[in-house]
Amino acid sequence: EAGVAQSPRYKIIEKRQSVAFWCNPISGHATLYWYQQILGQGPKLLIQFQNNGVVDDSQLPKDRFSAERLKGVDSTLKIQPAKLEDSAVYLCASSLTNSNQPQHFGDGTRLSIL
Amino acid sequence: DQQVKQNSPSLSVQEGRISILNCDYTNSMFDYFLWYKKYPAEGPTFLISISSIKDKNEDGRFTVFLNKSAKHLSLHIVPSQPGDSAVYFCAARASGNTPLVFGKGTRLSVIA
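In what follows, the accompanying structure is described. (Residues numbered from 1 in each chain as written. Chains lettered and ligands numbered in written order. Predicted model: local features only at pLDDT ≥ 70, side-chain atom pairs only at ≥ 80, totals over all residues. Heavy atoms only, no water.)

## Considerations on the sheet that holds strand β8 (residues 75–79) of chain A
All names here are of chain A.
1) Next: As summarised here, the arrangement of the four strands in space is β1-β3-β8-β7, forming an open sheet in which the pairing is antiparallel. Edge strands, defined here as strands with exactly one partner in the open sheet, are β1 (5–7) and β7 (65–68). Averaged over all adjacent pairs, the angle separating strand axes in this sheet is 15 degrees, with direction ignored.
2) Next: Bridge analysis of β7 against β8 gives four bridges, and the strand direction is antiparallel. Paired with phenylalanine 65 across the bridge in β8 is isoleucine 79. (Pairing = 2+ DSSP bridges. Helix = DSSP H or I, 4+ residues; strand = E, 2+ residues; numbered from the N terminus. Axes fitted to C-alpha atoms, helices over the stretch in contact; angles between N-to-C directions.)

Structure representation (structure tokens):
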């Protein structure tokens, strides 16, 4: 079974620029998650989708972050404009359902803001 | 306010011995707990989980113990191997559409 695919692996931008990340979950997984992992911390949930609907976006900084999951499969996460504190690894994960099923993670996108 | 705490940032163990990684939580509504392993430049990989109706779950060399009254869980790796060297994250969630909450991780080094 193919895992969660993310691109790009690395991105370097200047503050105030915009950036987008892409995620393709495991086939058949209805639930998709975006996490932010700052150095030395555990992953923190930004947004959770069930199919193409948002289940939880309470920790998403909505003034600059947006995400969508058109057609309930692939997803994109966008930051516009980026701030220095957005430097982190952005992880995408998916699970079969949103109940007690383990989440499977992609390898993430490492974002550096100059 | 950290709801999931891994108080040991790092741990070194000799190959063949037991590794014990600890995790404490504060939210009594948590009823599902997971351990993830993470290698550098890779995403976290699911290792083992336990629900609150159990106090032990075993999978090969990995065993997770849950003490609900102490709000404490631990991961035992026996015997430890050099390939187990990684960062281990404890995570927990409450029932319903609640987010998974992660600890800060413990870096395990297994020395040959």
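## With respect to the side chain of A:Asp86
Residues and elements named next belong to chain A.
1) Next: Assignment of secondary structure puts aspartate 86 in the loop between β8 and β9 (88–95).
2) Next: The exposure class assigned to aspartate 86 is buried, which follows from its relative accessible area of 3%.
3) Next: In this view, aspartate 86 contacts Gln36, Arg64, Phe65, Ile79, Pro81, Leu111 and Ile113; residues no more than four positions away in its chain are not counted. (Buried < 20%, exposed > 50% of the residue type's maximum accessible area, 1.4 Å probe, protein only. Contact = heavy atoms within 4.5 Å.)

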